[in-house]
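Architecture at a glance
Residue-level listing of the chains:
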Amino acid sequence: MKENKIWLATGNSHKVKEAREVLAEYGIELGHIEVDRIEIQSDDPGEIAVYSLTQLPDDGRPVAIEDAGFFIDHYGGFPGPYSSYALDKLDNPGMLKLMEGVEERGAAYHSYVGFRFGEEVHVFQGTVRGEIADGMRGTNGFGYDPIFVPEEGDGRTFGEMTDDEKNAISHRARAFRALGEWLQAQK
Ligand code: IMP
């Protein structure tokens, strides 16, 4: 694949911003295809990413889709693939309530990037581990960012970090870096 531009199909502009900065490190430009959430329910986020790709019309452009989930150790990985549903229904205060009195506070984000170009489909993965904070902190980012403290950080939540700080270690940045490296190797 010789192109220097790919497209991300998503309804989430935060994802575009984060992925664009990462792919720029590899000299790849990122366009945005605005789509509503296309999602099947599955326990396997990689499967969701691949399925979502098959739902996009193929107009010849190299296109990526990203599916992420938030996995809480104490609850066996819940909400995982149901993360957006849990955020809709419980929001961060509700998630914090679920964690009241819970000592085991470990959690992880996993990101799966599905990439399609012609007949080829590839999936790239990224993970960041951390802990659930005691309260909501910070207004940057989106989703669960105000309640997640990455273990490679300095105790701040993703919501308290700049875009660059989050992008240095985030699940999404890692998955897009894997895609960027793969694209670079194809040139
Ligand atoms: P999605 O299905 O990839 O859009 O993500 C599932 C849920 O996890 C959504 O509610 C997102 O808001 C949340 N989520 C995904 N990535 C992040 C992130 O980087 N920070 C905070 N929340 C996230």
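Thresholds applied
Residues numbered from 1 in each chain as written. Predicted model: local features only at pLDDT ≥ 70, side-chain atom pairs only at ≥ 80, totals over all residues. Heavy atoms only, no water. Helix = DSSP H or I, 4+ residues; strand = E, 2+ residues; numbered from the N terminus. Polar contact = N/O pair within 3.5 Å; in protein donor to acceptor, adjacent residues only side chain to side chain. Contact = heavy atoms within 4.5 Å. Phe/Tyr/Trp six-rings, centres within 6.5 Å; stacked < 30°, edge-to-face > 60°. Buried < 20%, exposed > 50% of the residue type's maximum accessible area, 1.4 Å probe, protein only. Lys NZ or Arg CZ within 6 Å of the ring centre and 35° of its normal. Core = buried A, V, L, I, M, F, W, Y, C linked by side-chain atoms within 4.5 Å. Near = heavy atom within 4 Å. Areas by Shrake-Rupley, 256 points an atom, 1.4 Å probe, with all protein chains shown as cover. Nonpolar A, V, L, I, M, F, W, Y, C, P; charged D, E, K, R; others polar. pLDDT = per-residue confidence, 0-100.

**Comments concerning the side chain of S83**
Position of S83 relative to the elements: it lies in helix α3 (residues 83-98). Polar contacts involving the side chain of S83 include one to the main-chain carbonyl oxygen of G80, which spans 2.5 Å. Leaving out residues up to four positions away in the same chain, S83 has contacts with G69, F70 and Y144.

**A few points about the packing of aromatic side chains**
Per the counting criterion, the structure on display carries 8 aromatic pairs. Where F70 meets F148, the ring centres are 5.9 Å apart and the plane angle is 80°; that geometry is what we call edge-to-face. Remark: F148 occurs in strand β7 (residues 148-150) and F70 occurs in strand β3 (residues 63-72); sequence separation between them is 78 residues. Residues Y109 and F158 carry aromatic rings whose centres are separated by 6.1 Å and whose planes lie at 15° to one another, so their mutual orientation is stacked. Placement of the pair is Y109 in strand β5 (residues 106-117) and F158 in the loop between β7 and α4 (163-169), with a sequence separation of 49 residues. Look at Y109 and you get buried, because its relative accessible area is 6%. Note that R61 overlies the ring of W7, its terminal NZ or CZ placed 4.9 Å from the centroid.

**Structural notes on the nonpolar core**
Membership of the largest hydrophobic core comes to 18 residues, with the highest contact counts inside it found for I6, L8, L30, V113, F115, F176 and L179. For this core, the secondary-structure elements that each account for two or more residues are β1 (5-10), α1 (13-24), β5 and α5 (171-186). The element that contributes the greatest number of residues to this core is α5, accounting for 5 residues. Residue contacts for V113: discarding those within four places in its chain leaves A64, I65, E66, H122, V123, F124, A175, F176 and L179. Listed in part, the 17 residues of the second largest apolar core include I72, Y144, F158 and I169.

**Comments concerning the site of the ligand**
Close contacts around the ligand come from 16 residues, with K15, A68, D145, K166 and R172 the closest. Take A68: an N or O atom from its main chain is 2.7 Å from an oxygen atom of the ligand. Here a nitrogen atom of the ligand and a backbone polar atom of Y144 are 3.0 Å apart. Notes on the ligand: free accessible area 470 Å², of which the protein chains cover 93%. Every element with two or more residues in the shell around the ligand is listed here: β3, α3 and α5. If one sorts the elements of the shell around the ligand by residue count, α3 sits on top with 3 residues. Considered class by class, the residues forming the shell around the ligand number 5 nonpolar, 4 polar and 7 charged.

**Points about unusual backbone geometry**
The omega torsion across F78 and P79 is 0°, close enough to zero to call that bond cis. By the secondary structure assignment, P79 is in strand β4 (residues 79-80). Positive phi, normally seen in glycine, also occurs at D91, with a value near 60°. If you trace the backbone, D91 turns up in helix α3.

**Structural notes on the environment of I6**
The residue I6 is located in strand β1 in this model. Classification of I6 by relative accessible area gives buried; the value is 0%. As a C-alpha pair, I6 and S83 span 77 residues in sequence and 27 Å in three-dimensional space.

**Things to note about the confidence of the model for the protein chain**
Model confidence for the protein chain is summarised by a mean pLDDT of 93, while 98% of its residues fall at 70 or above. Mean pLDDT across the elements of the protein chain bottoms out in helix α2 (residues 45-54) (85) and peaks in β7 (98).

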